Amino acid sequence: MLKDMIALTKPRLLRLNVFAVAVGFWVASKWDISWLSLLLVIIGSTLVIASACVINNYWDRELDQKMERTKKRIEYINHLRPGFVLWYGIILGIAGFIVLYVWVNPLSGWLSLLGWFAYIVIYTMWLKRSSTWSTSLGGIAGAMPPVIGYCAVTNQIDMGAWLLFALLFLWQPPHFWSLGIRRVEEYRAAGFPLLPVVKGIKRTKYQMVPYVFLLLPAVWLLYYYDYVGLVFLLVSLAGGLIWFIHTLSGLKATDDEKWAKINFLISVNYLMLIFILMVANTTWA
């Protein structure tokens, strides 16, 4: 039972998002860390993000059976029973919101609720089944974790919060579309109107280009406004250029699956690299 409950929180996705919360907290703290506050924001964010993942699994349980990547999730839900899974997700979300609102600050609580709403209602219940905009607008939820961590310290939405939001918002579509190109037939069979399914792989490749390109000024602005140091800037720009060049190469690639797999791996490693550098090279207060 416990194993199924943990699996429904999408542990790998959960870990990445909670790490993003911690990164945002660290950038705002500028090395003056309140460890109790960091612990509380991690606990609250973990509960809210886990709630969103559980309810997403509950809502998508029928369509997930049609995809190789997700079909095992129905086993976890059936072991626990759908009604239990729904309440499990709701209770996690309420507990997480209370932790953030009461013991961190109200702003981080409301931001977590906004991210939860964007993921469950806007993305899962609406756009994922009806529009190619699901990936782009669904990025609102995915961009919220570092903002929650940042605002847990500052208690205000300032330039740093917007830049962290922009960084994750721009990163997500080309990352997810790379996966979508690799598994386009699975998404087609499941009935998800993902961009590669509806508009084709070529159009998707073109649409990825501006997102990756705009990451370059986003990381430069983090340096310009003195949130991070020169090492972060240089490595992030170099990594971003590598990703951008590889994304452009996809316009002429003949083996779409091979290209998309490499692009996906570049996107994952790029995000982890800049997160680690953001912590290591955060400017001092």
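Because the structure is predicted, anything quoted here is derived from the model rather than measured.

Engineer: Sorry if this is basic, but what is going on with the nonpolar core here?
Structural biologist: In a soluble, globular protein the nonpolar side chains are often hidden away together inside. In this structure, V41, Y150, L167, L222, F232 and M278 are the most contacted members of the largest nonpolar core, which totals 70 residues. Aside from chain neighbours lying at most four places away, what touches L222 is L163, L167, Y227, V228, F232 and M278. Counting 16 residues, the second largest nonpolar core, distinct from the first, contains A118, I120, Y123 and L194.

Engineer: Where do I start with empty space enclosed by the protein in this structure?
Structural biologist: Over the atoms, a rolling probe the size of a water molecule traces out where space has been left empty. Across all of its chains, the model carries one cavity of 30 Å³ or more by this definition. Together, Y123, K128, S134, F176, Y187, F192, P193 and L194 line the largest cavity. The residue makeup of the lining of the largest cavity, split by class, is six nonpolar, one polar and one charged.

Engineer: Even after reading the chapter, I still don't get the side chain of T132, so can you show me in this structure?
Structural biologist: Within the secondary structure, T132 sits in the loop between helix 7 (106-130) and helix 8 (134-142). Note on T132: relative accessible area 19%, which makes it buried. If near-sequence neighbours (up to four positions away) are discounted, T132 is found in contact with P193, L194, L195 and V198.

Engineer: What am I meant to see in helix 10 (residues 159-182) here?
Structural biologist: Helical geometry: 3.6 residues make up each α-helical turn, so side chains three or four residues apart lie on a common side. Along its 24 residues, helix 10 runs 36 Å from first to last C-alpha, staying within 8% of the 34 Å computed at 1.5 Å per residue. Along its length, helix 10 shows its largest kink, about 25 degrees, at Q172, and proline P173 lies within four residues downstream of that point. Counted residue by residue, helix 10 has 19 buried out of 24 residues, so it is predominantly covered. At the N-terminal boundary of helix 10, the capping side chain belongs to D158, with an oxygen 3.1 Å from the backbone nitrogen of G160.

Calculation notes
- Residues numbered from 1 in each chain as written.
- Predicted model: local features only at pLDDT ≥ 70, side-chain atom pairs only at ≥ 80, totals over all residues.
- Heavy atoms only, no water.
- Core = buried A, V, L, I, M, F, W, Y, C linked by side-chain atoms within 4.5 Å.
- Buried < 20%, exposed > 50% of the residue type's maximum accessible area, 1.4 Å probe, protein only.
- Contact = heavy atoms within 4.5 Å.
- 1 Å grid on protein atoms, 1.4 Å probe; cavity = no way out; pocket = protein on both sides within 12 Å on 5 of 7 lines; lining within 4 Å.
- Points joined across faces, edges and corners; volume = space filled by probe spheres on them.
- Nonpolar A, V, L, I, M, F, W, Y, C, P; charged D, E, K, R; others polar.
- Helix = DSSP H or I, 4+ residues; strand = E, 2+ residues; numbered from the N terminus.
- Expected span 1.5 Å × (residues − 1).
- Bend = angle between axes of the 7 residues up to and from the residue.
- Polar contact = N/O pair within 3.5 Å; in protein donor to acceptor, adjacent residues only side chain to side chain.

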